[in-house]
Amino acid sequence: DQQVKQNSPSLSVQEGRISILNCDYTNSMFDYFLWYKKYPAEGPTFLISISSIKDKNEDGRFTVFLNKSAKHLSLHIVPSQPGDSAVYFCAVTERAGGTSYGKLTFGQGTILTVHP
Amino acid sequence: KAGVTQTPRYLIKTRGQQVTLSCSPISGHRSVSWYQQTPGQGLQFLFEYFSETQRNKGNFPGRFSGRQFSNSRSEMNVSTLELGDSALYLCASSLAGGPTNEKLFFGSGTQLSVL
């Protein structure tokens, strides 16, 4: 039973355009959401996060949007660059329950390819 | 500041053997978590240690175990290896790993192949 789903296994975008990566979750108890980027043979690298009290968080070219009622979050990258080509994972956790020590639940990942 | 260091990077073992993987967290980080990444199951949480105590555990059999030392370094052990244990094992550290410290910093992982 997948609690976090990234329904698009891959996404191809032209350099300079917007990349939109999507993530859906099922458990309304999740209250903190993160995006990680991963290159082959490396560990995931933290990109941006958002708590459930917000609906948007920006950091440079990266913006994360949270729609709690739809249990949906998205990552926007504007403008996209070839160096952004990687696997992107969304991850969620439940802070309030006190059982989240070190535990993130990850989606299956979306392979983003940005063409020059 | 040095990142999370995992050793070895690659390991080849045969079925039935046991293996120990090592992780040194970022200096000052006291929480260490372990994850398994496979093509079929994705990234899955194994367990978390803080101050030498396991505080959280995922849904893995007892063949998977770990420990943490007083300097926050951690090891994980897999006994009686099975073919399905072939995976990338990732270690992550955070300041305290508690409800307000979810930002995990990952190492590059140990790629384990079981033949």
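The sections below set out a description of the structure shown in this document. These figures come from a predicted structure and were not determined experimentally.

Calculation rules
- Positions within a chain are numbered from 1, following the residues in the order the chain's sequence is written.
- Chain letters and ligand numbers both follow the written order, the letters beginning at A and the numbers at 1.
- Selection of residues for local features in this predicted model requires a pLDDT of at least 70, selection of side-chain atom pairs for listing and counting requires 80 or more, and totals for whole chains, interfaces and linings are taken over all residues.
- Based on all heavy atoms of the structure, the side-chain values leave hydrogens and waters out of the count.
- Paired strands, in this sense, are two strands between which DSSP finds at least two bridges.
- Strands are runs of DSSP state E lasting at least two residues, helices are runs of H or I lasting at least four, and both sets are numbered from the N terminus onward.
- Any two residues having at least one pair of non-hydrogen atoms within 4.5 Å are treated as being in contact.
- Buried surface area refers to the total accessible area, computed with a probe of radius 1.4 Å, that the two partners give up upon joining, counted for both partners together.
- Every case where a carboxyl oxygen of Asp or Glu lies within 4 Å of a side-chain nitrogen of Lys or Arg is listed as a salt bridge.
- We call two N or O atoms a polar contact when they sit within 3.5 Å, provided that within protein one can donate a hydrogen and the other can accept it, with sequence-adjacent residues counted only if both atoms are side-chain atoms.
- Partly exposed describes any residue whose relative accessible area lies between the buried limit of under 20% and the exposed limit of over 50%, with all areas from a 1.4 Å probe on protein chains only and scaled to the type maximum.
- What makes a nonpolar core is a set of buried Ala, Val, Leu, Ile, Met, Phe, Trp, Tyr and Cys residues whose side-chain atoms join them at distances within 4.5 Å.
- Only the contacting stretch of a helix is used when fitting its axis, a line to C-alpha atoms as for every element, and angles between N-to-C directions run 0 to 180 degrees.
- Stacked, tilted and edge-to-face are the three classes applied to pairs of Phe, Tyr and Trp rings, where Trp contributes its six-membered ring and a pair requires centres within 6.5 Å; stacked means planes under 30 degrees apart, edge-to-face means over 60, and tilted covers the rest.
- Any Lys NZ or Arg CZ that is within 6 Å of a ring centre and within 35 degrees of that ring's normal is treated as a charge sitting over the ring.

Considerations on the sheet that holds strand β7 (residues 62-67) of chain A
Residues and elements named next belong to chain A. Taken in spatial order, the five strands make up an open sheet running β1-β3-β8-β7-β6, and their pairing is antiparallel. With one partner strand each, in any of the chains shown, β1 (4-5) and β6 (56-59) form the two edges of the open sheet. Bridge count for β6 against β7 is four bridges, and the pairing is antiparallel. Directly across from K56, in β7, lies its bridge partner F65.

Overview of the interface of chain B and chain A
At the interface, 24 residues of chain B touch 21 residues of chain A. Note on chain B versus chain A: buried area summed over both sides is about 1,900 Å², and carbon and sulfur give 59% of it. For the pair chain B and chain A, the interface holds zero salt bridges. Our count for the contact surface shared by chain B and chain A stands at seven residue pairs in polar contact (both at pLDDT 80 or more).

Quick notes on the side chain of S33 of chain B
Examined against the element boundaries, S33 of chain B turns out to sit in strand β4 (residues 31-38). Classification of S33 of chain B by relative accessible area gives buried; the value is 1%. If near-sequence neighbours (up to four positions away) are discounted, S33 of chain B is found in contact with G102 of chain A together with F45, F47, E48, L90, C91 and A92 of chain B.

So, the nonpolar core
Residues and elements named next belong to chain A. In terms of nonpolar packing, the biggest core is built from 23 residues, with F33, W35, L73, L75 and Y88 touching the most fellow members. Put simply, the parts of the chain that give this core at least two residues each are β3 (19-25), β4 (32-38), β5 (45-51), β7, β8 (72-77), β9 (86-93) and β11 (110-115). The element best represented in this core is β9, accounting for four residues. Here F33 is in contact with Y25, I48, S49, I50, S52, L66, L73, A91 and V92, once residues within four sequence places are set aside.

Quick look at the sheet that holds strand β1 (residues 5-7) of chain B
Residues and elements named next belong to chain B. In space, the four strands of this open sheet follow the order β1-β3-β8-β7, with antiparallel pairing throughout. Pairing within the sheet leaves two strands with one partner each, and these edge strands are β1 and β7 (64-68). Strand-to-strand twist across the sheet, computed as the mean angle between neighbouring axes with direction ignored, equals 20°. One ladder, built from five bridges, connects strand β3 (residues 19-24) with strand β8 (residues 74-78); its direction is antiparallel. Paired with V19 across the two strands is V78, which belongs to β8.

A closer look at the packing of aromatic side chains
Applying the stated rule across the entire model yields 13 aromatic pairs over all chains. Taken together, a centroid distance of 5.7 Å and an interplanar angle of 90° make the contact between F106 of chain A and Y35 of chain B edge-to-face. Placement of F106 of chain A in strand β10 (residues 105-106) and of Y35 of chain B in strand β4 is noted, with the two residues assigned to different chains. Linked through ring pairs, Y36, F46, F89 and F106 of chain A together with Y35, F45 and F106 of chain B together constitute an aromatic cluster. The ring centre of Y101 of chain A lies 3.8 Å from the NZ or CZ of R55 of chain B, which sits over that ring.

Concerning the pairing of β7 of chain B
Residues and elements named next belong to chain B. Here β7 pairs with β8 via five bridges, running antiparallel. Bridging across to β8, S65 finds its partner in N77. The loop that links β7 with its antiparallel partner β8 comprises five residues; one of these, S72, has a positive phi angle of about 75°.

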